[in-house]
Amino acid sequence: MLKATFRSFLAHKGRLLLSALAVILSVAFVAGSLIFSDTVSRTFDRLFASTAADVTVTPKQNLDEAIPSGITPTLPAGLAERVAAVDGVADARADVDVEGITVADADNESVGPTTGAPTLGIDWNPTDRSPVELTSGRAPRGDGEVLLDSETADRRDVAIGDPLTVIAQPGSFRVEVVGIVTFTTTNPGAALVFFDPPAARARLLGDPDAATSISVDAAEGVSDPQLKERVAAALGTADYELRTADEQAESDAEQLGGFLDVIKYVMLGFAGIAVLVGVFLIVNTFSMLIAQRTRELGLLRALGADRRQVRRSVLTEALLLGLFGSTLGLLTGIGLAAGLMELMGLLGMNIDATEMVIGWGTPVAAYAVGVGVTFVAAYLPARRAAGVSPMAALADAEIAGVGRPLRVRALVGAVIGVAGGAALVGCVLSSDTGSAASLLGLGVVLTLIATVVAGPLLVRPVIRVLGGAFPALFGSVGRMSQRNALRNPRRTGATAAALMVGLSLVGGMSVASASMTKSFDQQIDRTLGADFVVQNANFVPFPAEVTDAVRATEGVGLVVRAQFTPVGVRLPDGDRVETTAAAYDPRLDEVANVPYAEGDTAAALADGRMAMDRDFARDHGVRVGTALPVEFQGGRTAELTVGALTDQETADGFGTQGGMYFGLATLERYAPGGQEAAVYVNAADGTSDDDLRAALERTLDPYPQVQVRDLADYKQLVRDQIAVLLYLVYALLGLAIVIAVLGVVNTLALSVVERTREIGLLRAIGLGRRQLRRMIRLESVVIAVFGGVLGLALGLVWGVCIQQVLALEGMTALAIPWGTIVAVVIGSAVVGIVAALLPALRASRMNVLAAIAHE
């Protein structure tokens, strides 16, 4: 039996190769994501460990900033002298490291990264732990000289002697590049600008006596934990946070971890899609191979092989396929990881591919996925093979399972479908976002399973409709193609299921994204009343100098500032919520249309007052007049009274939990030094919008980090952010389609082999080569469109349910992207045509007499 199994595997290796491709793709994404994340983690662990001081002292942060406020926490630079006097300290340095500055060249173009990485302003205080070294020019002297990292200089064509403009929180100033530094370690992708230390404190922090941290080196024989203890005893821990080199490296790695997790989860999402679609492909392939080998298996049974031996034989073939696919997938994953590292290099993050990390867990996961998926997918066909009767050896090869009733499938599919439908109905009726989301997830999984299980039951009624025009359009060729698709509902259903999975995903997410876009458009139309908004990308704040320039622009009538700040709020029900609150100038009503359930803007922005969303307030027992303890960044606390409750359609108000906001005067009292996140501008009387826009763009030309946006621009900004998610879904769809095409090709290729004698007879009685190719193409098209229709129908149901969940968060508009749906149906037909090219060509080239004589 073992010898027969190996011979059978090698005899069908060409047919199994397409199935192996699904395994290869899924394993490649799993292995590639693990190798890439392990390599990047190891690389940056070494970077952080090699550059961190023995002990680092930083200002204590009591609140996390989800949205930047523009405040740079500082401590006294003179603290370094106190630390240097501590027993066991070899050296202590006051450091300046400011994130979020903007550096522009002579053409007012930003020289910073375009990938989202920051531009850092750092004081030039080189040590043996510095990540860079001066390779050309000289060190900066005074407040008009800087060093620039070589990669930024090369990318932006900046040379020694070139002028730059630095835009920092205290204001903008001109500098000259006097030297170039080169990374001696991994470049994390940021742009680095180094200043003379006194200039860094005065120009970047606005305080010659301030610093952002103190770096402490231990004397010989003093461990990092001992040094941390001694420095903590001297300084206290109420205002400062102390970390050893290991703790600092771990903290930096945690910040990097979020970025790595995004890449890892995206790639694992691709792997999941590949696995899911690959299961259908493998099940279909093994089912068809077993159907074609009915006589062979019957002969083995007649020669004495029992059911267990036949089942083991098929599962051994699956195991061999899994091992083969997993090995190639692992090798492909290594190449994929190397490609990702090259891509990161193009984005400015240089990772040495020669230091690639392949931990023991990577091959274990690769083979577990590849072998496991193949083994599980082949189990049902293996059981079916074990049921072949010895008498089958005496009969003509029949297509196994064609005539078997689908009652069991109908029952199982109906039960699972009813359960999934009930979950989706519960999702729609639920008033709690968490419960609705849970029911949505359950409903999606169950309805997907139900559709896959019951898919063969839908083949005959749906394909009769989809292919109903074929006889009229293509005559007998069209009729035969439709009947071929109807011949084996199980096979047609399994082939279409691979395409259905991807298209249901894109259908659901397209409805969700279209609904989100429409909801945000309506919200912006209702609430934004300003002529223009001056804003950076992603709410990154900008200095007051920009606001002053806007105010001084000819034609500007009204300017309303907006800032964000982290707060911690103690609520009457005992909850403590850490969120981001907004702060506005008093004339907010003139640039925004804020609907209030109670109170008004004057009450919300009055001194010592605040506003919040009505639903959030109701959930936590808050009403107008409730006094709430509020903690600000830096540790200051205040008791603010709720002066107004808003009636926003979005539960998060201005994009923050609870929709909390107050007056800028209140913020400046308790957390001064913040920067504007946006400036709302109205034109003066007699100034047209076009004239004002042109004037604002001229004014803001020296500030490349900010843009002028009107209502349409603001909507486009939101659409672009939503589109990022949609592009990911389309990428997943693309992968699913690739594997689905493989599935259709595989099914048709095996079907052609299965119908060799039939095709020979058709050719003998006059069917031309072109007609034969058309018949197979039409069969492929109707199967692909069947999968597309099922997937879109399921996706539309999911999309409507997703929109109902979003409606609980205020996004109440429902939009169906009919253009996308029509395009997907047409694309399904194109997929069918493409998938049929090779099988149709092979069929048309068959020798007629050899085909008729085929057993």
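A brief look at the structure comes next. Since the model is a prediction, treat every value here as computed from it, not as a measurement.

What counts, and where the lines are drawn
- For every chain, the first residue of the written sequence is number 1, and numbering continues from 1 along that sequence.
- Owing to the predicted nature of the model, reporting of local features is limited to residues with pLDDT of at least 70; listing and counting of side-chain atom pairs is limited to 80 or more, with chain, interface and lining totals taken over all residues.
- Hydrogens and water are ignored here; the side-chain numbers use all heavy atoms of the structure.
- Comment: elements are numbered from the N terminus, with helices defined as DSSP H or I runs of at least four residues and strands as E runs of at least two.
- The rule is simple: take the accessible area with a 1.4 Å probe, protein chains only, and divide by the maximum for that residue type; under 20% is buried, over 50% is exposed, in between is partly exposed.
- Any two residues whose heavy atoms approach within 4.5 Å at even a single point are treated as in contact.
- Calculation of accessible area relied on Shrake-Rupley with a 1.4 Å probe; when residues are assessed, cover is drawn exclusively from the protein chains displayed.
- Residues counted as positive are Lys and Arg, residues counted as negative are Asp and Glu, and His and the chain ends are not counted.
- By convention, the charge on Lys lies at NZ, on Arg at CZ, on Asp at CG and on Glu at CD.
- For the purposes of this section, nonpolar cores are sets of buried Ala, Val, Leu, Ile, Met, Phe, Trp, Tyr and Cys residues that join through side-chain atoms within 4.5 Å.
- Here, any two strands with at least 2 DSSP bridges between them count as paired.
- Stacked, tilted and edge-to-face are the three classes applied to pairs of Phe, Tyr and Trp rings, where Trp contributes its six-membered ring and a pair requires centres within 6.5 Å; stacked means planes under 30 degrees apart, edge-to-face means over 60, and tilted covers the rest.
- Only one rule defines a salt bridge in this text: a Lys or Arg side-chain nitrogen within 4 Å of an Asp or Glu carboxyl oxygen.

## Let's talk about the overall build of the chain
Step number 1: When helices and strands are counted, the chain shows 24 helices and 24 strands.
Step number 2: For the chain, the proportion of its 855 residues judged to be buried stands at 51%.
Step number 3: Sequence-distant contacts, at least 24 apart, represent 83% of the contacts inside the chain between residues at least 6 apart.
Step number 4: For the chain, the exposed surface amounts to about 36600 Å²; the carbon and sulfur share of it is 57%.
Step number 5: Taken together, the 68 basic and 88 acidic charged side chains of the chain have centroids lying 23 Å from each other.

## Points about the nonpolar core
Step number 1: Core analysis: the largest hydrophobic core is formed by 110 residues, its most contacted members being Tyr 584, Leu 588, Tyr 661, Tyr 680 and Ile 776.
Step number 2: Sorting elements by how many residues they give to this core places helix α22 (residues 769-807) first, with 16 residues.
Step number 3: Filtering out sequence-adjacent residues up to four positions away, Ile 776 remains in contact with Leu 748, Val 752, Ala 836, Pro 839, Ala 840 and Ala 843.
Step number 4: In this structure, Leu 571, Ala 581, Phe 616 and Tyr 670 belong to the second largest nonpolar core, which totals 24 residues.

## A few points about the pairing of strand β8 (residues 145-149)
Step number 1: Along β8, 5 of the 5 residues are buried, which leaves the element largely enclosed by surrounding structure.
Step number 2: Residues Glu 145, Leu 147 and Asp 149 point to one face of β8 and Val 146 and Leu 148 to the other, with burial holding for every one of them.
Step number 3: Pairing geometry for β8 and strand β10 (residues 171-183), over 5 bridges, is parallel. Bridging from a neighbouring strand, Asp 149 pairs with Val 181 of β10.
Step number 4: Sheet analysis places β8 next to strand β11 (residues 191-195), joined by 3 bridges and oriented antiparallel. Of the residues in β11, the one forming a bridge with Val 146 is Phe 195.

## Thoughts on the packing of aromatic side chains
Step number 1: Enumeration according to the criterion identifies 6 aromatic pairs in this entry.
Step number 2: Between Tyr 584 and Tyr 661, the aromatic rings sit 5.7 Å apart at their centres with planes inclined by 80°, giving edge-to-face as the arrangement. Taken together, the positions of Tyr 584 in strand β17 (residues 576-584) and Tyr 661 in strand β22 (residues 661-663) put the pair 77 residues apart, joining distant regions of the chain. The same class applies to Tyr 584 and to Tyr 661, which are both buried.

## Considering the pattern of salt bridges
Step number 1: One pass over the structure, following the stated rule, counts 25 salt bridges.
Step number 2: Between Arg 129 and Asp 54 there is a salt bridge, with its nearest N and O atoms 2.6 Å apart. With Arg 129 in the loop between β6 (119-123) and β7 (132-137) and Asp 54 in the loop between α2 (13-51) and β1 (55-59), this residue pair connects regions lying 75 residues apart in the sequence.
Step number 3: A residue is classified by how much of its surface remains accessible, and Arg 129, at 24% relative accessible area, is partly exposed.

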